[in-house]
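Tertiary structure, described
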Amino acid sequence: MTDNKLASRLYPTRIDLPADARSKIVVILNQTLAATSDLKSQSKQAHWNVKGTDFYQLHELFDEIAGELEEFIDLFAERITALGGYACGTVRMAAAGSILPEYPTEIIAGMEHVTALADRFGPYAKHLREAIDKTDELGDADTADLYTEVSRTIDKRLWFLDAHLQAAANTSANGGAPATAQNLDRAAVKV
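1. Some points on the nonpolar core
Ranked by size, the top nonpolar core spans 41 residues in total, and within it Phe62, Phe76, Phe121, Tyr124, Ile154 and Leu161 carry the most contacts. Secondary-structure elements contributing two or more residues to this core are helix 2 (19-49), helix 3 (55-82), helix 5 (110-137) and helix 6 (141-173).

In structure tokens form, the structure reads like this:
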């Protein structure tokens, strides 16, 4: 994690939130900034390295996801500074402060990258929902609203990733047959 003194540093501001609350909110936001920067770089890692029959579609999807995350990075950093905080936004700060595991380097196939990203989007989405509650409890409805806005998009992206994996799992559970209601019922009986 980034130096806590740096992550909680405050400058004078006329925002009417108490300094103690702002300091705690800025720490939460800096943790999110680190995780968002890390998730963006991991999405680009998948974008650059994906191979296989779904290459083009996944290459484009991963790039689109990274672009959205870039916008969120800016929103979180600007909220930190609007609250009088110091945005810890370098790559090294992000690596030190991220809640996400390192991206696997041994994978190449499309579904392996989809799985790796889904495995990171899940904890990231949970972090966002927890931050909604924490910042709201600290009296900052605006930051809670920012987290809510980002959370909706991240949940949608997680749905997109999960949909690829659900289709692959259903096809494999049906011995290569397309997933149908009957096939899914039969697969459930086998379990």
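Read on for the rest.
2. Thoughts on the confidence of the model for the protein chain
On average, residues of the protein chain score 89 in pLDDT, and 87% of them reach the 70 mark or higher. Across the protein chain, element-level confidence peaks in helix 5 with a mean pLDDT of 98 and bottoms out in helix 7 (residues 181-190) with 42. When the criterion is pLDDT under 50, residues 178-191 qualifies, and its contacts beyond four places in sequence or with other chains add up to ten contacts.

3. Brief notes about the side chain of Asp140
Here Asp140 is to be found in the loop between helix 5 and helix 6. A relative accessible area of 3% means that Asp140 is categorised as buried. Side chain to side chain, Asp140 and Thr143 meet in a polar contact 2.4 Å long. What Asp140 contacts, discounting residues up to four positions off in sequence, is Leu17, Ile25, Arg79, Leu83 and Thr135.

4. A closer look at the environment of Ala82
Position of Ala82 relative to the elements: it lies in helix 3. Separated by 68 residues in the primary sequence, Ala82 and Arg14 have C-alpha atoms spaced 9.9 Å apart. Sequence-distant contacts of Ala82, defined by excluding residues within four places in its chain, comprise Thr13 and Ile15.

5. Here's the deal with the packing of aromatic side chains
On inspection of all chains with the given rule, the structure shows two aromatic pairs. Both rings, one in Phe76 and one in Tyr147, keep their centres 5.2 Å apart while their planes meet at 40°; by these two values the pair is tilted. With Phe76 in helix 3 and Tyr147 in helix 6, the pair connects residues that are 71 residues apart, well separated along the chain. With relative accessibility at 0%, the residue Phe76 sits in the buried group. The ring centre of Tyr86 lies 4.6 Å from the NZ or CZ of Arg9, which sits over that ring.

6. Remarks on the pattern of salt bridges
With the rule as written, the count across this model stands at eight salt bridges. Salt-bridge contacts for Arg79 lead to Asp140; the nearest nitrogen and oxygen are separated by 2.9 Å. On the criterion of sequence distance, the pair formed by Arg79 in helix 3 and Asp140 in the loop between helix 5 and helix 6 is long-range, its members being 61 residues apart. Asp140 carries the same exposure label as Arg79, and that label is buried. Where Glu130 meets Lys126, a salt bridge forms, and the shortest distance between an N and an O atom there is 4.0 Å. Here Glu130 pairs with Lys126, and both are found in helix 5, just four residues apart, close to one helical turn. Through salt bridges that share partners, Glu64, Glu68 and Arg157 make up one connected network.

Procedures and definitions
Residues numbered from 1 in each chain as written. Predicted model: local features only at pLDDT ≥ 70, side-chain atom pairs only at ≥ 80, totals over all residues. Heavy atoms only, no water. Core = buried A, V, L, I, M, F, W, Y, C linked by side-chain atoms within 4.5 Å. Buried < 20%, exposed > 50% of the residue type's maximum accessible area, 1.4 Å probe, protein only. Helix = DSSP H or I, 4+ residues; strand = E, 2+ residues; numbered from the N terminus. pLDDT = per-residue confidence, 0-100. Contact = heavy atoms within 4.5 Å. Polar contact = N/O pair within 3.5 Å; in protein donor to acceptor, adjacent residues only side chain to side chain. Phe/Tyr/Trp six-rings, centres within 6.5 Å; stacked < 30°, edge-to-face > 60°. Lys NZ or Arg CZ within 6 Å of the ring centre and 35° of its normal. Salt bridge = Lys/Arg side-chain N within 4 Å of Asp/Glu carboxyl O.

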